[in-house]
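Descriptive analysis of the structure
Chain residues, written in single-letter form:
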Amino acid sequence: MAKYRGSPGTRRSIQGRRVLEDESRLTSVLENMIDGVIMIDRDANLVLVNRAAEQIAGFSVSGLLGQHVFALQPLHVLHPLIERCMTGNERIRDEIALYLPEERIVEVNLIPIVLANGVGGGILMILHDVTSIRRLERIRSEFVANVSHELKTPIASVKGFAETLLAGAMDDPETAKTFLQIIYEESERLNRLIGDLLELSKIESRLVPLRLAPVDLHELIGKTMEAMGNQAANKHIALSMAVDRDLYIEADEDRLRQILINLLSNGISYTPEGGRVCVKAFPVGDGPEEEKVQIVVSDTGIGIPKEDLTRIFERFYKVDKARSRSSGGTGLGLSIVKHLVDLHGGTIHVDSVVGVETSFTIELPILQK
Ligand SMILES: Nc1ncnc2c1ncn2[C@@H]1O[C@H](COP(=O)(O)OP(=O)(O)OP(=O)(O)O)[C@@H](O)[C@H]1O
Ligand SMILES: [Mg+2]
């Protein structure tokens, strides 16, 4: 105690200040932690909850301190773990799902607190939100499963027809020609799929930066539609455009063309013979700061059911496998479009009435920031 000089009163006030300082330091650590911290005493009453815990578990603690933890609805999934931790006096690590109402995956660590006299003093619970990690893992494994599935079909077809040819079908020139044609088409399909996958991964990893320059939308849309003319004519689909002259935006022209080709090719593929596909572009926005351009690609086709509208931008998502198999689609086109629009700082949305029409509306800033 010789450490302290001065009167006992001064010593007490220094000690008191230190206690206060320690406490405020501890409070600030707890409040700024990313992980949730909940502490309960040996009667399972709440004694401490930090802000992160409230956010992760989706409840507000005001007025709840001192209450029994089992009274807290969002945490009822923790009951069995708490009981096990109390009775077994052991550390427990587990993963729980909370529905708030969207699903949240939380890693929980329960640590029994043992007091100096060896008696249980309650439980410290650490909550760590792993929702985004688990979501990414799921997307990755779904992606691998989808790619394998998409590759398997054309490969099985190529293999099957080659085997049949080798087993004797090649002696009949007519049959041989038909089978070779199928092999050729299926390998084209594989080629397209691999090309799209490489493209998507390039765009996603942002390895290729946008080459921004002023783009004349009237010219770009006109030329792209011309290039799609044959595809449309084969299905007797009328293409039309309504785009102001002198409508310029700052964009990567090749990427913008890729967006248009994908949307136009969908419009043509998913519209029965005799239908129409139209592209419009016009400026929108009020102040000069918010100047944007809308590009609308619409068709009079088979449409997209309401329940599929939110999913069609996902990789490999097809409304009806049969309908896009006949168009040779892989389900990657719209996810590429979405990424390209994002890269330009724009938005895309879709409206559709089944059997009547579909329209994709893209909004792009006129100037890139
Ligand atoms: N204009 C449209 N009208 C109706 N359905 C559409 C339209 N555009 C897209 N779809 C639906 O959305 C799905 C996803 O489109 P997406 O372009 O991503 O893939 P895809 O056309 O099947 O294949 P690809 O990768 O060759 O473009 C399509 O399979 C189709 O079912
Ligand atoms: Mg497509």
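The preceding data block contains the structure.
A brief structural summary. Per chain, residue numbering runs from 1 following the sequence as it is written. As they are written, the chains are lettered A onward and the ligands numbered 1 onward, keeping that order. Restriction of local features to residues with pLDDT of at least 70 applies here, the model being predicted, together with a cutoff of 80 or more for giving and counting side-chain atom pairs; totals for whole chains, interfaces and linings are based on all residues. In computing side-chain properties, one takes all heavy atoms of the structure into account and sets aside hydrogens as well as water.

Description of the overall build of the chain
This is how the line gets drawn: Helix and strand assignments follow DSSP, with helices taken as H or I runs no shorter than four residues and strands as E runs no shorter than two, numbered in order from the N terminus. C-alpha atoms define the radius of gyration in this analysis, and the globule rule sets the expected value at 2.2 Å times the number of residues to the power 0.38. Only protein chains enter the accessibility calculation, which uses a 1.4 Å probe. A residue is then buried if its area is under 20% of the maximum for its type, exposed if over 50%, and partly exposed in between. We call two residues contacting when some pair of their heavy atoms lies within 4.5 Å. The accessible surface values rely on the Shrake-Rupley method and a 1.4 Å probe; as for residues, cover is taken only from the protein chains in view. The positive count covers Lys and Arg only, the negative count covers Asp and Glu only, and His and the chain ends enter neither. A charge is said to be at NZ when it belongs to Lys, at CZ for Arg, at CG for Asp and at CD for Glu.
Scanning the chain from N- to C-terminus turns up ten helices and twelve strands. Taking 2.2 N^0.38 as the reference for a compact globule, 369 residues should give roughly 21 Å; the C-alpha atoms of the chain span a radius of gyration of 31 Å, well beyond that estimate. With the principal axes as the frame, the chain shows a C-alpha extent of 105 × 65 × 40 Å. Put simply, the chain has 369 residues, and 38% of those count as buried. Expressed as a percentage of contacts within the chain between residues at least 6 apart in sequence, the contacts between residues at least 24 apart total 58%. Counting every atom, the chain has about 21,600 Å² of accessible surface; 55% of that belongs to carbon and sulfur. Charged side chains in the chain number 42 positive and 52 negative. The centres of these two groups are separated by 8 Å.

Looking at the packing of helix H5 (residues 173-204) against helix H10 (residues 333-343)
Let me state the cut-off plainly: Interaxial angle, 0 to 180 degrees, is taken between N-to-C directions of lines fitted to C-alpha atoms, where a helix line uses only the stretch in contact. Note on terminology: angles under 35 degrees are roughly parallel, angles over 145 are roughly antiparallel, angles of 65 to 115 are roughly perpendicular, and the others are oblique. By definition, turning the near helix anticlockwise from the far helix through less than a right angle yields a left-handed crossing, and turning it clockwise yields a right-handed one. Think of it as three bins: nonpolar holds Ala, Val, Leu, Ile, Met, Phe, Trp, Tyr, Cys and Pro, charged holds Asp, Glu, Lys and Arg, and polar takes everything else, Gly as well.
The geometry of H5 relative to H10 is characterised by a closest axis approach of 10 Å and an angle of 25° between their N-to-C directions. Considering the angle they form, H5 stands roughly parallel to H10. The two elements H5 and H10 meet at a crossing, and its hand is left-handed. In this structure, H5 uses Asp 196, Glu 199, Leu 200, Ile 203 and Glu 204 to contact H10, whose residues at the interface are Ser 335, Ile 336, His 339, Leu 340 and Leu 343. Here the residues of the contact of H5 with H10 are counted per class, giving five nonpolar, two polar and three charged.

Digging into the site of ligand 1
So the rule is basically this: The cutoff for a nearby residue is simple: one of its non-hydrogen atoms must lie within 4 Å of the molecule or strand. As used in this structure description, the phrase polar contact means that two N or O atoms lie within 3.5 Å; if the pair is within protein, one of them must be able to donate a hydrogen and the other to accept it, and residues adjacent in sequence are counted only when both atoms belong to side chains.
Residues in contact with ligand 1 amount to 20 residues; listed here are only the nearest, Tyr 270, Asp 299, Gly 331, Leu 332 and Leu 334. Here an oxygen atom of ligand 1 sits 2.8 Å away from a polar atom, N or O, in the side chain of Tyr 270. Contacts to ligand 1 include Val 319, whose backbone N or O atom sits 3.2 Å from an oxygen atom. When isolated, ligand 1 has an accessible area of 600 Å², and the protein chains bury 94% of it. Elements supplying a minimum of two residues to the shell around ligand 1: helix H9 (321-326), H10 and strand S12 (357-365). In the shell around ligand 1, the residues fall into eight nonpolar, eight polar and four charged.

Re the layout of surface pockets
Here is the rule: Detection works on a 1 Å grid of protein atoms alone, calling trapped sets that fit a 1.4 Å probe cavities and calling open sets with protein on both sides within 12 Å along at least five of seven lines pockets, with lining residues defined by an atom within 4 Å of a point. Grid points are joined across faces, edges and corners, and a volume is the space filled by probe spheres set on the points.
Roughly 470 Å³ of volume is contained in the second largest pocket. Taken together, 19 residues make up the lining of the second largest pocket; nearest its centre are Glu 142, Phe 313, Glu 314, Arg 315 and Phe 316. Sorting the residues of the lining of the second largest pocket by element identifies helix H4 (131-166) and H10 as the ones contributing at least two each. With six residues, H4 is the single largest residue contributor to the lining of the second largest pocket.

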